[in-house]
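# Notes for the structure review
One letter stands for each residue in the lines below.
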Amino acid sequence: MRKALELAKSALGYTSPNPAVGCVIVKDGEIVGTGYHHKAGTPHAEVWALREAGEKAKGATVYVTLEPCAHYGRTPPCARTLAEKGVGKVVMAMLDPNPRVSGKGAAILRKAGIAVEVGLLSKEAAQLNEVFIKNMMVQKPFIAVKLAQSLDGRTASRTGNSKWITNEWARNYGHYLRSIYDGILVGINTVLADNPLLTCRIEREGQPAPHQPVRIVLDAKGRTPLKSLVVTDKTTPTIIMTTSACPVEKMKALKNAGVRVILAPLQDNQSINLPEALKFLHEEGLTSILVEGGSTVQGSFFDARLVDKVYAFMGDKVIGGVGALPSVGGYGVDELDECLPLVYDSVELHENNVLLTAYNANREGAYVHWHH
């Protein structure tokens with residue numbers, strides 16, 4: 001099952017909006033077939049593994065990271081295919097989180113007289129597909145926030161210097177994150193200050209090209225320059241979320257430059273209503289969004305309690321200074337019991353930088369272990 005999870009993870013980001021799934025077939029203590037879902041519209045993990053196993057699939061044990069599908073999509077249901085090949089047993093890490101489908105694949109297999117086990121490494125499997133699970137359960141994009149800060153939580157000195165707070169390992173890992181999320185989001189201040197490209201610039205093993213996230217700019221007044229890289233670079237599409245405060249001529253100019261302009265409602269006459277904006281982005285097909293900054297945008301996501309996951313990269317510096325920019329701006333909390341309840345997931349030390357990963361304990365659409 002660990003091998004199956006590893007296979008699934010290798011295609012994470014490429015399979016969206018489908019889940020990342022891996023499959024390993026074992027016969028007489030030997031692996032006879034492996035497979036994973038490469039991307040939406042291509043065969044499922046089980047199909048690849050069965051092809052490799054051939055005749056040896058008969059009576060074999062199949063390990064799969066997610067319940068085999070029971071519906072006719074672009075391919076016939078995998079649960080039926082497994083039954084036809086006469087496998088002996090199917091071990092699945094978790095049931096399908098889609099309430100309409102959950103348990104149906106397992107039922108097809110059991111009806112065919114195949115032994116079924118559910119729950120092996122289910123925590124790991126649910127974490128691998130946390131984006132898919134949230135989308136299935138609450139139809140909203142999964143929101144991950146990336147912080148890159150000094151030990152004292154600053155992203156720039158009081159004079160605005162920020163290069164470099166974190167090291168190359170942290171920056172490369174940031175590119176890996178861009179390759180697994182559907183969208184990457186920044187605010188207009190980041191565009192004006194840094195003119196970032198916001199593309200993924202690392203190759204992943206076994207993948208022909210980097211998976212590029214869709215760029216999203218929160219720009220309430222339509223201040224994105226037509227010469228900025230998010231407009232001129234065509235590596236990946238750009239969505240500019242704006243409001244009625246943006247001049248109509250500017251909207252037209254951005255559209256003519258090939259940018260997707262989406263109008264979101266204004267909040268307090270100044271900022272974008274984030275829950276509504278996220279609804280629109282979900283309708284655009286974005287299942288997950290990596291929020292990269294800056295300080296104001298990070299603050300607004302925490303203030304609106306929309307954060308599912310936090311990746312906090314900490315460099316080996318203390319910047320100090322009352323005027324230095326905090327990594328999370330916005331309004332903040334008055335009372336400490338108003339803070340987002342965080343559950344730390346992991347802490348890693350790499351080349352003298354730290355990566356802390358945490359979840360919002362109250363996040364929506366988290367997988368609850370249920371059994372049939």
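Residues numbered from 1 in each chain as written. Predicted model: local features only at pLDDT ≥ 70, side-chain atom pairs only at ≥ 80, totals over all residues. Heavy atoms only, no water.

For the record, the criterion: UniProt positions are given in the numbering used here, feature names are shortened, and annotations may be inferred rather than shown by experiment.
An unreviewed UniProt entry annotates the protein chain as Riboflavin biosynthesis protein RibD of Megasphaera massiliensis. UniProt lists a comment for the protein chain under the heading Function (unreviewed entry), and it reads "Converts 2,5-diamino-6-(ribosylamino)-4(3h)-pyrimidinone 5'-phosphate into 5-amino-6-(ribosylamino)-2,4(1h,3h)-pyrimidinedione 5'-phosphate."

## Some points on the UniProt feature "domain: CMP/dCMP-type deaminase" (unreviewed entry) in the protein chain
To keep it simple, the criterion reads: Helix and strand assignments follow DSSP, with helices taken as H or I runs no shorter than four residues and strands as E runs no shorter than two, numbered in order from the N terminus.
The positions UniProt marks with the feature "domain: CMP/dCMP-type deaminase" (unreviewed entry) are residues 1-117. Across residues 1-117 one finds 27% helix and 21% strand; the C-alpha atoms that close the span lie 12 Å apart.

## Quick look at the layout of surface pockets
Which parts of space are left empty comes out when a probe the size of a water molecule is rolled across the atoms. Condition: Cavities and pockets were defined on a 1 Å grid built from protein atoms only: a cavity is a group of points that admits a 1.4 Å probe but offers it no way out, a pocket is an open group of points flanked by protein on both sides within 12 Å along at least five of seven lines, and a lining residue is one with an atom within 4 Å of any such point. Grid points are joined across faces, edges and corners, and a volume is the space filled by probe spheres set on the points. When residue character is reported, Ala, Val, Leu, Ile, Met, Phe, Trp, Tyr, Cys and Pro are called nonpolar, Asp, Glu, Lys and Arg charged, and the others, Gly included, polar.
Of the volumes computed, that of the second largest pocket is approximately 740 Å³. For the lining of the second largest pocket, the elements supplying multiple residues, two or more each, are helix H1 (2-9), helix H5 (122-128), helix H6 (130-138), helix H7 (168-180), strand S15 (309-314), strand S17 (342-350) and strand S18 (353-360). Along the lines of polarity and charge, the residues of the lining of the second largest pocket split into 15 nonpolar, 10 polar and nine charged.

## Focus on H7
Quick reminder of the rule: To estimate how far a helix should reach, multiply one less than its number of residues by 1.5 Å. Each residue is assigned to one of three classes by its accessible area relative to the maximum for its type, calculated with a 1.4 Å probe on protein chains only: buried under 20%, partly exposed between the two thresholds, exposed over 50%. Polar contacts, as counted here, are pairs of nitrogen or oxygen atoms within 3.5 Å of one another; within protein the pair requires one atom able to donate a hydrogen and one able to accept it, and residues that are adjacent in sequence qualify only if both atoms are side-chain atoms.
Taking 1.5 Å per residue, 13 residues should reach 18 Å; H7 reaches 19 Å between its end C-alpha atoms and fits that length. When H7 is considered as a whole, its buried residues turn out to be Trp169, Ala170, Gly174, His175, Tyr176, Leu177, Arg178, Ser179 and Ile180. At the N-terminal boundary of H7, the capping side chain belongs to asparagine 167, with an oxygen 3.2 Å from the backbone nitrogen of tryptophan 169.

## Section: the sheet that holds strand S3 (residues 61-64)
Basically, it comes down to this: What makes two strands pair is DSSP finding at least two bridges between them. Comment: axis = line fitted to C-alpha atoms, over the contacting stretch for helices; angle = value between 0 and 180 degrees taken between N-to-C directions.
Strand order in the open sheet formed by five strands is S2-S1-S3-S4-S5, with mixed pairing between adjacent strands. The open sheet has two free edges, formed respectively by strand S2 (30-36) and strand S5 (115-118), since each of these has just one partner strand. The sheet shows a mean angle of 15° between the axes of neighbouring strands, direction not considered. When strand S1 (residues 22-27) meets S2, the two strands line up antiparallel, connected through six bridges.

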